[in-house]
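Chain residues, written in single-letter form:
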Amino acid sequence: MRTAVCPGSFDPVTNGHLDVFARASTMADEVVVAVLINHSKAGLFTIEERIEILRDVVAPYPNIRVDAFHGLLVDYCRDHGIQAIVKGLRAVSDFDYELQMAQMNYRLAGLETLFISTNPLYSYLSSSLIKEVAKFGGDVSGLVPEAVLQRLQAKLSDTMGS
Ligand code: PNS
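First, a word on what this report is: a plain description of the structure on this page. Because the structure is a prediction, the values reported are computed rather than measured.

### Some remarks on helix α1 (residues 15–25)
Working step 1: Extensive coverage of α1 is indicated by the burial of nine of its eleven residues.
Working step 2: Contact partners of the buried residues in α1: β1 (3–8), β2 (30–36), α2 (47–58), β3 (64–69), β4 (84–89) and β5 (112–117).
Working step 3: Among the residues of α1, the N-terminal cap falls to T14, whose side-chain oxygen and the backbone nitrogen of G16 are separated by 3.1 Å.

### Considering the sheet that holds β5
Picture the strands of a sheet paired through backbone hydrogen bonds; they go either parallel or antiparallel.
Working step 1: On the basis of which strands lie adjacent, the open sheet formed by five strands has the order β3-β2-β1-β4-β5 and parallel pairing. Single-partner strands in this sheet number two, and they are β3 and β5. Ignoring strand direction, the axes of neighbouring strands in this sheet form an average angle of 35 degrees.
Working step 2: Bridge count for β1 against β2 is six bridges, and the pairing is parallel. Note on β2: the bridge partner recorded for T3 is E30.
Working step 3: Relative to β4, helix α4 (residues 92–109) is tilted by about 175 degrees, and along the sheet it contacts β4 and β5.

### Some details on the layout of surface pockets
Working step 1: Estimated volume of the largest pocket: approximately 1400 Å³.
Working step 2: As for the largest pocket, its lining consists of 48 residues, of which P7, G8, S9, K87 and E98 are closest to the centre.
Working step 3: Counting residues per element, the ones that place at least two in the lining of the largest pocket are β1, α1, α2, α3 (73–79), β4, α4 and α5 (127–135).
Working step 4: Of the residues assigned to the lining of the largest pocket, the class counts are 23 nonpolar, 17 polar and eight charged.

### Digging into the nonpolar core
Working step 1: With 37 residues, the main nonpolar core has V13, F21, L54, V57, V140 and L152 as its most contacted residues.
Working step 2: Put simply, the parts of the chain that give this core at least two residues each are β1, α1, β2, α2, β3, α5 and α6 (146–161).
Working step 3: The element best represented in this core is α2, accounting for six residues.
Working step 4: Excluding its chain neighbours within four sequence positions, the residues that come into contact with F21 are C6, F10, V13, V33, L54, V58 and I64.
Working step 5: If you look at the next biggest cluster of nonpolar residues, it comprises eleven residues, including V5, A34, C77 and I85.

### Considerations on a nonpolar patch on the surface
Working step 1: A cluster of nonpolar side chains, namely L72, M104 and L108, defines an oily patch on the protein surface of about 290 Å² accessible area.
Working step 2: With respect to the helices, strands and loops of the structure, L108 is situated in helix α4.
Working step 3: Residue L108 is classed as partly exposed on the basis of its relative accessible area, which comes to 44%.

### Some words on the site of the ligand
Working step 1: The environment of the ligand is formed by P7, G8, S9, L36, F69, G71, L72, L73, K87, M101, M104 and N105.
Working step 2: Within the side chain of S9, a nitrogen or oxygen atom sits 2.6 Å from an oxygen atom of the ligand.
Working step 3: Within the complex, the protein chains bury 71% of what would otherwise be the 550 Å² of accessible surface of the ligand.
Working step 4: When atoms are counted within 2 Å of each cavity's grid points, the one that captures over half of the ligand is the largest pocket.
Working step 5: Only β1 and α4 provide two or more residues apiece to the shell around the ligand.

Each value, and the rule that gives it
Residues numbered from 1 in each chain as written. Predicted model: local features only at pLDDT ≥ 70, side-chain atom pairs only at ≥ 80, totals over all residues. Heavy atoms only, no water. Buried < 20%, exposed > 50% of the residue type's maximum accessible area, 1.4 Å probe, protein only. Helix = DSSP H or I, 4+ residues; strand = E, 2+ residues; numbered from the N terminus. Contact = heavy atoms within 4.5 Å. Polar contact = N/O pair within 3.5 Å; in protein donor to acceptor, adjacent residues only side chain to side chain. Pairing = 2+ DSSP bridges. Axes fitted to C-alpha atoms, helices over the stretch in contact; angles between N-to-C directions. 1 Å grid on protein atoms, 1.4 Å probe; cavity = no way out; pocket = protein on both sides within 12 Å on 5 of 7 lines; lining within 4 Å. Points joined across faces, edges and corners; volume = space filled by probe spheres on them. Nonpolar A, V, L, I, M, F, W, Y, C, P; charged D, E, K, R; others polar. Core = buried A, V, L, I, M, F, W, Y, C linked by side-chain atoms within 4.5 Å. Patch = residues over 30% accessible without salt bridge, like charges linked within 9 Å, V, L, I, M, F, W, Y side chains within 5 Å. Areas by Shrake-Rupley, 256 points an atom, 1.4 Å probe, with all protein chains shown as cover. Salt bridge = Lys/Arg side-chain N within 4 Å of Asp/Glu carboxyl O. Near = heavy atom within 4 Å. Sits in = over half its atoms within 2 Å of the grid points.

Right, here's the structure in full:
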């Protein structure tokens, strides 16, 4: 495998995502973390903020870079010479949808998807759960990178204040 993509919304990136990026980076020559630009779904963090955070957290990995895309993932991969998608699987509940997407991406473009079993330390994590817990004052340290923790607190106090 040469270049692999780890696609997602990353609103925000969690330590579970980061674990998948790091493990993918040991198998591929290059890993692109690609943030989906979805104009119909407002997130907590803007696309620019997500990219900035991601660039910060992948900085220690020389073969991981961050980009954003819109439209079909298979088109992005074709245009950027990407050979495979790498996704984390947290639990059986992830499998149905991930399998559907993998099969559709293969049907559309012959693009392969490789699954990495999420580190059990992070198997219950999701970006939405992180936002919900943080919103109500729960401690999410150790579950998200430090760069997220700082921005999450600032972002939520702004949101609550407005
Ligand atoms: O973090 P998410 O929101 O679960 O990531 C989902 C993502 C971005 C991987 C998926 O929605 C996607 O690939 N979207 C791009 C549009 C596309 O190609 N859709 C068809 C998928 S078979």
